[in-house]
Structures are given as structure tokens and as C-alpha cells.
Amino acid sequence: MAVNTTPESPLPVGEVSRLIGGWIDRLGAVWVEGQITQLSRRPGAGVVFLTLRDPSYDISVSVTCYRQVFDAVADVVTEGARVVVLAKPEWYAPRGQLSLRATEIKPVGVGELLARLEMLKKSLAAEGLFAPERKKPLPFLPQLIGLVCGRASAAERDVLENARHRWPAVRFEVRNVAVQGVHAVPQVVQAVKELDDIDDVDVIIVARGGGSVEDLLPFSDEQLVRAVASCRTPVVSAIGHEPDNPLLDHVADLRASTPTDAAKKVVPDVGEEYERVRMLRDRARRCVEAFVEREERGLAHALARPSIEDPHRMIDERADHVASLLDRGRRCLGHHLDRAESELTHTHARVVALSPAATLKRGYAVLQRADGHVVRDPGEVTADEALRARVAEGEFSVRVDASVDAQADA
């Protein structure tokens, strides 16, 4: 409960420590899981001192227990082991120190670890952290590779040597960290975040050699899984050997069975690329040659066509046809003209035969009065009337004899 204090009436340190101790004493015993980082068993001492650490959150707490409690598990529990203890919180007032008094210690077996990992795996999968659509593709040729591995480890050597053998120009940004134990998770998480913040890093490889289930536990830690899931840079998991399968393999963008396999999957082989370029060049050459040959055959076929081989042939054929039509037209026109000329001649002859001029040429004459009226009847003229006589070769004047009237009367 809260304590009312003021600057004028503060509580002494001893009273505060006593109150804290009273609050802690009200807490019952609890089961606590952690990893033993320090273990002190002094010969002849009746109390064993432990330090229990949570590697995910980098928090430690002191644990004490009677020797007979620890002796029950002394054969299977050492530094680095994961245990579950039944303990009651205690407050040591003189030093203001919190510790746990353990009354029972149980080592966490492999089966229990695997069961917990399976539960964590299902929980993270339900959040979608392992979904295939979240996987980012790896660059074809990374210029700078981030490598997280143990210092001077076989995993580091395998990745560096194989990658540089495949592509000598490749560069690495290496972060050496603890790959097992209580410090592994925070160091690996920090290294991954540092490499992800470097813009020039194209891909990150997290590598470690094989080991037991307990040794590989840091790479199944929830904090590390979430850190990798939030990376913008593609991450490759190369943990252990083929049978090993930590949760990091599921969240990573690519899983490699070994560190050597990671180098092969991330870095292309320069010899293979040269060979692929050569094959593509040959294929392109064959395609171009086949295209040119096909076009040459098409061109030869086109040139072999009569219209191209003898382009004037069609004109000559058409010229002969035009000449034939022209001759035919001329003949037809000549025939029409001859026939028309013959008809015109006949018509002209008939016209001439029937014309007054022809009659005049036979000796006849046409008499016309002064008004131009043709005289057809003797009764139409009078004595001494002047008339005009028209003959074939001209005309002349005549006068009517007086006897005409008498003849007309008779």
C-alpha cells in the first residue's frame, strides 16, 4: 500500500527497506524459468548460490538454495543449463537486495524445450511472421554482405572462403557475437539491427555451426525472430546442419542448411556466370544467324519471282496487248470510216441526182419573179413582165411575150 510522505517527514532508509521486505514477504512461492549463468558451490557450505538469467530480456536475479536441494540435480545441472525453480522472493534488508530462495529445482528437458518451441512456433505463425508472401527476394549479386557469426568460428571461415572463391570481389561487414549462452540473443539482435541500418548492406547472413538443441536455443528466441521479421534487408539463416531447424529458419527470407550452403546461395559463382554468359552469347549468335539465313532465303525467293527477275516482262506483255488493241481499234475505225464514206458517197449521189442543180444541168431553167417567187403556172405572169431565169451555169433576165396572155386565156 502507498505510504504518505513529505519532504518534511521522509521515511528513513531502514523503514523503507522494512516496508519493501514486508511487501515481498506477502508474495507466495512461484515457478521461475531461466538459464544458470553463475554457480557457486563452496565445499562444506550448506547454501548454493546461483544466478538465473532471462536471455531474451537480459535480466538476472540471484537464487539461493540449500545444498541438499541442489544436490538432487547436481549431476545434470551446470552453468548454461535451463532450469525451472520453485522459489519464494526474499528481501535482504541490510543490503537492500532481492533474491529467490529455491526449494525445488528441475532441469528443462529436451522434450519440454521442443514442446515450448512448438507452441511459440504456432503463435508466431498465427501472426503471419512465417508467411511466404513476407519473404524478400535476394539480390542477384550482392556488393556488401552482412555476416553475424561467432568470433574465429568455422561458420565464419566457411562463409568467407566459399563466397570469395565463388566471387572474389564480394565484400563483407562482419559482426562477431556470442552464438550460445545467455549473451547470445541480445548480441545477435543488436548485430542484425546494426547491419540492417547500413544502407550498403544488400543481404544479412546469420551463421552458426551445429550443436545440441540447448546450444541452438538463442536462434529460436522470440525477440530474435521478431527482430529479423522487421528487417528491411533480406536475411539468410544458416544455423547448424541439415537436421537443425530453429525458428530463425522460418522467419528468414531464405534458409541455408549450412554456412557453406549460405555462401553458395547468396553469392553467384563467377565461373558459372561466365559459362552462362557464353551460352547466352552463343544462343544469341545462333538466333541472329538463323534470322539472317531466313531473311536471305526470303529475299532469294522474292528475287526469283518473275516480276523481280524480269521486271520489263509484264510491261512488254502489256505493250504487245496494247499494240494489238491499238491495231484492232484502228482497223475497226477504218472499217467504220470506209463504211461511212461509202454511205456518204451514195447519199451524196442521191442528193445530187435529186437536187435542182442536176435538173438544171439537163437543160431546165427556173423562172423567178422579181420578188423571188418561182413561176410554176403561166397564169402567174403578165405580158412584158421581167423574170429571172436560172440555169445550171448562172442566171439571166427574160421578158414575158405578149402572146402569153392569149395562150393563158385559151
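Calculation rules
- Residues numbered from 1 in each chain as written.
- Predicted model: local features only at pLDDT ≥ 70, side-chain atom pairs only at ≥ 80, totals over all residues.
- Heavy atoms only, no water.
- Salt bridge = Lys/Arg side-chain N within 4 Å of Asp/Glu carboxyl O.
- Helix = DSSP H or I, 4+ residues; strand = E, 2+ residues; numbered from the N terminus.
- Pairing = 2+ DSSP bridges.
- Axes fitted to C-alpha atoms, helices over the stretch in contact; angles between N-to-C directions.
- Contact = heavy atoms within 4.5 Å.

Peer 1: How should the pattern of salt bridges be read in this particular structure?
Peer 2: Working definition: two side chains of opposite charge can pair if their charged atoms are close together. Scanning the entire structure with this criterion turns up 20 salt bridges. Among the salt bridges present, the one from Glu-273 reaches Arg-276, with a minimum N-O distance of 2.6 Å. Of this pair, Glu-273 and Arg-276 both sit in helix H9 (residues 270–303), three residues apart, which is roughly one turn of that helix. Among the salt bridges present, the one from Glu-385 reaches Arg-369, with a minimum N-O distance of 2.9 Å.

Peer 1: Looking at this structure, how should I read the sheet that holds strand S1 (residues 30–40)?
Peer 2: Strand-to-strand pairing in sheets goes through backbone hydrogen bonds, with the strands running parallel or antiparallel. In spatial order, the strands read S1-S2-S3-S5-S4; together these five strands close into a barrel with mixed pairing. Neighbour-to-neighbour, the strand axes of the sheet open up by a mean angle of 55 degrees, direction not taken into account. Pairing of strand S2 (residues 47–54) with strand S3 (residues 59–66) involves eight bridges; the strand directions are antiparallel. Pairing of Val-48 across the sheet is with Cys-65, part of S3. Across the face of the sheet, helix H1 (residues 13–25) comes into contact with strand S4 (82–92) and strand S5 (97–107) while running at roughly 140 degrees to S4.

Peer 1: So what exactly am I meant to see when it comes to the sheet that holds strand S8 (residues 203–208) here?
Peer 2: With parallel pairing, the five strands of this open sheet are ordered in space as S7-S6-S8-S9-S10. A single partner strand is all that each edge strand has here, and the edge strands are strand S7 (171–176) and strand S10 (254–255). The pairing of S8 with strand S9 (residues 235–239) spans five bridges and is parallel. Residue pairing for S9: Ile-205 is matched across the bridge by Val-236. Against the sheet, helix H4 (residues 154–166) engages strand S6 (144–149), S7 and S8, with an angle of about 175 degrees to S7.

Peer 1: I'm lost on the environment of Arg-297 in this one. Help?
Peer 2: Structurally, Arg-297 is set in helix H9. Put simply, Arg-297 and Ala-386 are 89 residues apart on the chain and 105 Å apart in space, counted from C-alpha to C-alpha.

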